[in-house]
Amino acid sequence: MPKIFVNSLFIIALSAAGSALAGSIVMQGTTLVDRQNTASNSGALALALDGLDRQQPVIVDDTITLPRASDGHFYATLIVNGVDIRFLVDTGANGVVLTKKDAGRAGIALSFLKFDGIAETANGTMGIASITLKTTQLGDIITSGFPAFVADGVMPSSLLGMPYLSQFSQIQMVGDNMVLHP
């Protein structure tokens, strides 16, 4: 029987509903392991989240649960240099990349940036500039001096890639939720 890692909010809600999770997808480091078919998880987890705003993360005991947005992606709003920035969570990105607009909102002086790096994206190549974020915060996780990039091209959203996500001991997919364990 696979070991299931869910936070106490879900365990209580699922127990009250008389349901139990049958499996999970767990990502540790960069290895994705399918513990069992997760089709049966969606209904049980939906019961646990019933009545909650599905666009807002749920934070319990430093475990952060991000609900899947209607576009199929996961988003996380971090406080970057004191400003809320919404990121698309991208496990395929090997960096944290801000749009110019978000970088400007976070106090990055765009006129001083040197876009001397190149990023290969699904939409082609674009210039990037290396920066260091003074502070980032997601839930109770605060980091200082985090390396990131600013994109010179058009991006629909800032990207939260694996360098940031690797701070978590485990990334788990449970139904329509991404669970980040401290």
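Scroll up a little and you will see the structure.
Notes on the structure follow. Counting restarts for each chain: residues are numbered from 1 in the order of the written sequence. Totals for whole chains, interfaces and linings use all residues, but because this is a predicted model, local features are given only for residues with pLDDT of at least 70 and pairs of side-chain atoms are given and counted only at 80 or more. Side-chain numbers come from the whole structure's heavy atoms, not from hydrogens or water.

### Let's talk about the side chain of H181
Point 1. Position of H181 relative to the elements: it lies in strand β13 (residues 177–181).
Point 2. Of the polar contacts made by the side chain of H181, one reaches the side chain of Q172; its length is 2.9 Å. Only DSSP runs of H or I covering at least 4 residues are called helices, and only runs of E covering at least 2 are called strands; the numbering of each starts at the N terminus. What qualifies as a polar contact is a pair of N or O atoms within 3.5 Å, subject to a donor-acceptor requirement within protein and to the restriction that residues adjacent in sequence count only when both atoms come from side chains.

### Description of the packing of aromatic side chains
Point 1. Only Phe, Tyr and Trp rings take part, Trp by its six-membered ring, and two of them pair if their centres are within 6.5 Å. Stacked means planes under 30 degrees apart, edge-to-face means over 60, and tilted covers everything else. Under the definition given, this model contains two aromatic pairs.
Point 2. Here F146 and Y164 contribute two aromatic rings whose centre-to-centre distance is 5.5 Å and whose plane-to-plane angle is 65°, an arrangement assigned as edge-to-face. Taken together, the residues span a long stretch of sequence, with F146 in strand β10 (residues 141–151) and Y164 in helix α4 (residues 162–165) at a distance of 18 residues.
Point 3. Three labels apply to residues, based on accessible area from a 1.4 Å probe with only protein chains included: buried if under 20% of the type maximum, exposed if over 50%, partly exposed otherwise in between. On the basis of relative accessibility, which here comes to 10%, the residue F146 falls in the buried class.
Point 4. Either the NZ atom of lysine or the CZ atom of arginine qualifies as a charge over a ring when it sits within 6 Å of the ring centre and within 35 degrees of the ring normal. In this arrangement the basic side chain of R86 is found over the ring face of Y75, its NZ or CZ atom lying 3.8 Å from the centre.

### So, the environment of I142
Point 1. As for its position among the elements, I142 is in strand β10.
Point 2. Looking at I142, the relative accessible area reads 55%, which means it is exposed.
Point 3. In this structure the C-alpha to C-alpha distance between I142 and L78, which are 64 residues apart in sequence, comes to 9.7 Å.

### Some details on the pairing of β10
Point 1. Two strands are counted as paired when DSSP detects at least two bridges linking them. Examined bridge by bridge, strand β7 (residues 97–98) and β10 share two bridges and lie parallel to one another. Looking at the pairing, V97 lines up with F149 of β10.
Point 2. Of the pairings in the sheet, the one linking strand β9 (residues 124–138) to β10 comprises 10 bridges and is antiparallel in character. Looking at the pairing, S130 lines up with F149 of β10.

### With respect to the layout of surface pockets
Point 1. Site definitions follow a grid-based scheme: protein atoms alone, a 1 Å grid, a 1.4 Å probe that fits but cannot get out for cavities, and for pockets an open set with protein on both sides within 12 Å along at least five of seven lines, plus lining residues having an atom within 4 Å of a point. Grid points are joined across faces, edges and corners, and a volume is the space filled by probe spheres set on the points. Its boundaries defined by the atoms lining it, the largest pocket holds a volume of some 530 Å³.
Point 2. Surrounding the largest pocket, 24 residues form its lining, D90, A93, E120, T121 and L159 being those nearest its centre.
Point 3. Listed by contribution, the elements that provide at least two residues to the lining of the largest pocket are β8 (117–121), β9 and β10.
Point 4. Broken down by element, the lining of the largest pocket gets its largest block of residues, four residues, from β8.
Point 5. Note that Gly is not counted as nonpolar here; it falls among the polar residues with everything else outside the nonpolar set of Ala, Val, Leu, Ile, Met, Phe, Trp, Tyr, Cys and Pro and the charged set of Asp, Glu, Lys and Arg. The residue makeup of the lining of the largest pocket, split by class, is 15 nonpolar, seven polar and two charged.

### Examining unusual backbone geometry
Point 1. The phi dihedral of D61 falls on the positive side, at around 50°, and the residue is not glycine.
Point 2. The topology assignment puts D61 in the loop between β3 (58–60) and β4 (63–67).
Point 3. Note on D61: relative accessible area 65%, which makes it exposed.
Point 4. Unusually for a residue other than glycine, N81 sits at a positive phi of about 50°.
Point 5. Along the chain, N81 falls in the loop between β5 (75–80) and β6 (83–89).

### Section: the nonpolar core
Point 1. Each nonpolar core is a collection of buried residues, namely Ala, Val, Leu, Ile, Met, Phe, Trp, Tyr and Cys, held together in the definition by side-chain atoms within 4.5 Å. Formed by 32 residues in total, the largest nonpolar core has its most connected members in L160, Y164 and L180.
Point 2. Note on contacts: a residue pair is in contact if any heavy atoms of the two residues lie within 4.5 Å. Setting aside anything within four residues of it in sequence, one finds L160 in contact with A76, L78, F87, L88, V89, D90, G95, V96 and L165.
Point 3. The next biggest cluster of nonpolar side chains, apart from the first, holds 10 residues, and it includes A69, L88, I128 and M155.

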